[in-house]
Amino acid sequence: MSQLFYEIRRNPLLWLLIFVPVVLAAEKLKPEAHTLLFVLSVLAILPLAVLLSHATESVAAKTGDSVGGLLNATLGNLTELVIAIAALQAGQYMLVKASIAGAIVTNSLFMLGASFLLGGFRYHIQEFNRVGARLQAGLLFLATVALLIPSTVGARGLSGATQFSRDLSIPLSILLLLAYGLGLLFSLKTHREVFASAGEETEATWPIGLALSTLAGVTILVALVSEVFVGSVQQAATSFAMSPAFVGFIVVALVGGAAEMTAAFSAARKNHLDLSVGIALGSAAQIALFVAPVLVLLSYFVGPAPMDLNFWPGAVTMVLLATLTAALVTNSGRSAWFVGVLVLIVYLMFATALYLLPPQGN
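Throughout what follows, the structure given in this document is the object of discussion.

Definitions and limits used
- Residues numbered from 1 in each chain as written.
- Predicted model: local features only at pLDDT ≥ 70, side-chain atom pairs only at ≥ 80, totals over all residues.
- Heavy atoms only, no water.
- Salt bridge = Lys/Arg side-chain N within 4 Å of Asp/Glu carboxyl O.
- Helix = DSSP H or I, 4+ residues; strand = E, 2+ residues; numbered from the N terminus.
- Buried < 20%, exposed > 50% of the residue type's maximum accessible area, 1.4 Å probe, protein only.
- Arc of directions from axis to C-beta.
- Phe/Tyr/Trp six-rings, centres within 6.5 Å; stacked < 30°, edge-to-face > 60°.
- Lys NZ or Arg CZ within 6 Å of the ring centre and 35° of its normal.
- Expected span 1.5 Å × (residues − 1).
- Axes fitted to C-alpha atoms, helices over the stretch in contact; angles between N-to-C directions.
- Parallel < 35°, antiparallel > 145°, perpendicular 65-115°, else oblique.
- Left-handed = near helix turned anticlockwise from the far one by under 90°.
- Contact = heavy atoms within 4.5 Å.
- Nonpolar A, V, L, I, M, F, W, Y, C, P; charged D, E, K, R; others polar.
- Core = buried A, V, L, I, M, F, W, Y, C linked by side-chain atoms within 4.5 Å.

## Observations concerning the pattern of salt bridges
So, point 1. The final tally for this structure, using the stated rule, is two salt bridges.
So, point 2. Residue Glu 127 pairs with Arg 334 through a salt bridge whose shortest N-O separation is 2.9 Å. Here Arg 334 lies in strand E2 (residues 334-335) and Glu 127 lies in strand E1 (residues 126-127), a separation of 207 residues in the sequence.
So, point 3. For Arg 334, a relative accessible area of 42% corresponds to the partly exposed category.

Written as structure tokens, this is what we have:
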């Protein structure tokens, strides 16, 4: 436990853990104060995401490269998954789909662009393994195709389109999970040497017992706080003149990815851009090929109705453009600060459009 307290003392972001009991108490005492609960839940989820990330890395470090890589891949986006499941149970499918698309766009544009920018301020030119970036961009494009098919049919307004989208989403989800699993096998096992990065620094990890207990405890707390967040988001969005699409695309994605962003930005400043690019595009690919299909399949058990992969056209367009942008800027394996600026401007264009003229959809 002393290592946990040391980590909390040295990381100012973890000082926000004080908001975890505050938001849970406020939810009992003032359940009608939706705007306050929304702000408190965001502040509470941020440090929980950081702890969750650190515990996951510690568990992965103790289990060996292959199993550790699998754990990082499956648990790296646990915060977003828990928030999405809470929204799924509440039947807020617009928020669920916006959070999925938003996480893909935020990770592949904001996280990647900010990493290029921060690293470029310190180093004139940075290089990274473009083979890994190409793989992740290819997986993202595959997921975009899977989103495009049901969304195109839904946009045409054909009779029976809703049932068709639901029926189609099941095999598409299975195919995405298959591609995700085979991608892990390819990068972690059969061709792992191709994706190796030299000279990456690793921080000291926690003992396995502390890591597992922290992982279990934080997951429960994230689930509790996520219920408060989802329950207050609609009224709070109205108070802040935000749509559920903007909240899902921007707010949920930034909050859920806070821990990964911290790691990616730190690596970029240390000239370990391989790690930054891997976190940004790898996390986006995990959301697209793992979290999204899992939520579709889970909706048949925990949701009020089945969820499909029929995203509104604006979301699919943004995901497609984000994927193409990420593929374009990582193709050379080199970056500078201005490349980061260009990527961030694309992200800000999307955010502005969502805030001022939010798309309508399911």
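## So, helix H1 (residues 2-10)
So, point 1. Of all the positions in H1, only Leu 4, Glu 7 and Ile 8 are classed as buried. Looking straight down H1, one finds its buried side chains confined to an arc of 100°; they lie on one side. Among the exposed residues of H1, those pointing more than 90 degrees away from its buried face are Ser 2 and Arg 9.

## Examining the packing of aromatic side chains
So, point 1. With the rule as written, the count across this model stands at nine aromatic pairs.
So, point 2. On the numbers, 5.3 Å between centres and 45° between planes, the contact of Phe 110 with Tyr 347 is tilted. On the criterion of sequence distance, the pair formed by Phe 110 in helix H6 (residues 93-122) and Tyr 347 in helix H14 (residues 337-356) is long-range, its members being 237 residues apart.
So, point 3. Taking 5.1 Å as the distance between ring centres and 70° as the angle between the ring planes, the aromatic pair formed by Phe 246 and Tyr 355 counts as edge-to-face. Placement of the pair is Phe 246 in helix H10 (residues 244-256) and Tyr 355 in helix H14, with a sequence separation of 109 residues.
So, point 4. Taken together through their ring pairs, the aromatic side chains of Phe 38, Phe 229 and Phe 240 make up a single cluster.
So, point 5. The ring of Phe 311 carries Lys 97 above its face, with NZ or CZ at 5.9 Å from the centroid.

## Re helix H11 (residues 258-269)
So, point 1. When the terminal C-alpha atoms of H11 are compared, their 17 Å separation across 12 residues agrees well with the 16 Å that a helix rising 1.5 Å per residue should span.
So, point 2. Within H11 the residues assigned to the buried category are Ala 258, Ala 259, Glu 260, Met 261, Ala 264, Phe 265, Ala 267 and Ala 268.
So, point 3. Looking at the residues trailing H11, positive phi occurs at Asn 271, about 65°.

## Considering the environment of Gly 183
So, point 1. Locating Gly 183 in the fold gives a position in helix H8 (residues 161-190).
So, point 2. Taking the relative accessible area as the measure of exposure, Gly 183 reaches 11% and is therefore buried.
So, point 3. When the C-alpha atoms of Gly 183 and Gln 136 are compared, they prove to be 8.8 Å apart, with 47 residues separating the residues in sequence.

## Details of unusual backbone geometry
So, point 1. Backbone geometry places Asn 271, a non-glycine residue, at a positive phi of 65°.
So, point 2. Along the chain, Asn 271 turns up in the loop between H11 and helix H12 (273-302).
So, point 3. Taking the relative accessible area as the measure of exposure, Asn 271 reaches 35% and is therefore partly exposed.

## As for the packing of helix H5 (residues 78-89) against H12
So, point 1. The N-to-C vectors of H5 and H12 enclose an angle of 30°; their axes lie 10 Å apart at closest approach. For the element pair H5 / H12, the angle class is roughly parallel. Handedness of the crossing formed by H5 with H12: right-handed. Facing Glu 80, Leu 81, Ala 84, Ile 85, Leu 88 and Gln 89 of H5, the residues of H12 in contact are Ile 287, Val 291, Leu 295, Leu 298, Ser 299 and Val 302.
So, point 2. When grouped by side-chain class, the residues that make up the contact of H5 with H12 number nine nonpolar, two polar and one charged.

## Let's talk about the environment of Thr 330
So, point 1. Tracing the chain through its elements places Thr 330 in helix H13 (residues 313-330).
So, point 2. A residue is classified by how much of its surface remains accessible, and Thr 330, at 2% relative accessible area, is buried.
So, point 3. Residues Thr 330 and Gly 132 lie 198 residues apart in sequence; the distance between their C-alpha atoms is 9.7 Å.
So, point 4. Thr 330 has contacts with Leu 112, Phe 116, Phe 128, Arg 130, Ala 133, Val 277 and Leu 281, leaving out every residue within four places of it along the chain.

## Looking at the nonpolar core
As a rule of thumb, soluble globular proteins bury nonpolar side chains together.
So, point 1. Residues Phe 38, Ile 100, Val 105, Phe 229, Val 247, Phe 249 and Leu 295 are the most contacted members of the largest nonpolar core, which totals 118 residues.
So, point 2. For Val 247, the contacting residues outside a window of four places in its chain are Phe 38, Leu 95, Phe 229, Val 233, Ala 237, Met 242 and Val 252.

## A closer look at the environment of Ala 264
So, point 1. Tracing the backbone shows Ala 264 in helix H11.
So, point 2. Each C-alpha atom of the pair Ala 264 and Leu 275 lies 6.8 Å from the other, and the pair is 11 residues apart in sequence.
So, point 3. Excluding residues within four positions of it along the chain, Ala 264 makes contact with Met 111, Ser 115, Ser 276 and Ile 279.

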